Every structure is written in C-alpha cells, then in structure tokens.
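Here is what each chain is made of, one letter per residue.
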Amino acid sequence: METLAIKVKIGDREYPMRVKIEDEAKIRHAGKLINEKLRRYKEEFGLDDNQDLLAMVAFDCMVESLETNEVNAEDSEHINNSLAQLNSLLSKAL
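Here is what the cut-offs are and how they apply
Residues numbered from 1 in each chain as written. Predicted model: local features only at pLDDT ≥ 70, side-chain atom pairs only at ≥ 80, totals over all residues. Heavy atoms only, no water. Salt bridge = Lys/Arg side-chain N within 4 Å of Asp/Glu carboxyl O. Helix = DSSP H or I, 4+ residues; strand = E, 2+ residues; numbered from the N terminus. Buried < 20%, exposed > 50% of the residue type's maximum accessible area, 1.4 Å probe, protein only. Pairing = 2+ DSSP bridges. Phe/Tyr/Trp six-rings, centres within 6.5 Å; stacked < 30°, edge-to-face > 60°.

### Things to note about the pattern of salt bridges
Line of reasoning, step 1. Going through the model one piece at a time under the given rule, you end up with 5 salt bridges.
Line of reasoning, step 2. Here K37 makes a salt bridge to E64, at a shortest N to O gap of 2.6 Å. Separated by 27 residues along the polypeptide, K37 in helix α1 (residues 24-45) and E64 in helix α2 (residues 50-93) bring together distant segments of the chain.
Line of reasoning, step 3. With a relative accessible area of 37%, E64 lands in the partly exposed category.
Line of reasoning, step 4. A salt bridge links D48 to K42, with the nearest nitrogen and oxygen atoms 4.0 Å apart.
Line of reasoning, step 5. In the salt-bridge network here, residues are joined through shared partners; they are K37, D60 and E64.

### Brief notes about the pairing of strand β2 (residues 13-20)
The side chains of a regular strand alternate between both faces of the sheet.
Line of reasoning, step 1. Relative to β2, strand β1 (residues 3-10) runs antiparallel, the two being bridged by 8 bridges. What sits directly across from K9, in β2, is E14.
Line of reasoning, step 2. Counting the residues that bridge the hairpin from β1 to β2 gives 2 residues, and of these G11 lies at a positive phi of roughly 65°.

### Considering the packing of aromatic side chains
Line of reasoning, step 1. Applying the stated rule across the entire model yields 1 aromatic pair.
Line of reasoning, step 2. Note on Y41 and F45: the rings are 5.9 Å apart at their centroids and 45° apart in plane angle, and the pair reads as tilted. With Y41 and F45 both in helix α1, this residue pair falls 4 residues apart, about one helical turn.
Line of reasoning, step 3. For Y41, a relative accessible area of 12% gives the class buried.

Pasting the structure below:
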C-alpha cells in the first residue's frame, strides 16, 4: 500500500496527511467542501471564530451523515423485502 504525503488547507490552517494514492482526490475534495461550508457560514452568520465555524460544519456533516444512513437503511429494507418476495415467487414456481 503506497501512501502519499499531502497538505490539506482547512480554514486558515494546513494539515499534513499521509493518504493512499487512490484516496487523494477524495480527501482533497472533502477539504474543498469543508472550506466552502466555512465560507458560507461565515457570510451567512457573520462569524469570524474558526472554531465556531468548524463546529457548525462538523454538526452539519453529522446531520447529513445521519440522514444518509437513514435513507440507506430504508433502501436496504426495501431491497430485502423485494428479494424475499422474488424468492417466494420463485419457490412457488419451482
């Protein structure tokens, strides 16, 4: 597993990281999205405190993650029910 040393700037700080080569683009994209949210919150709420802004971004990301997990759980349940129905139909047909 080869790793790459990169620096990702979040807010006004740079964070050195060692990442898998195949994950570099994803990590840089995540940093870009965080910075965009920081700028948006700074403009929207007029905050200058980076710690407050980062906390708001972290909270927002957690809410999005919970919503995504809920949707995924519902989708998985729907898929499992559909597979069970198909299995039942196939069993009856055989």
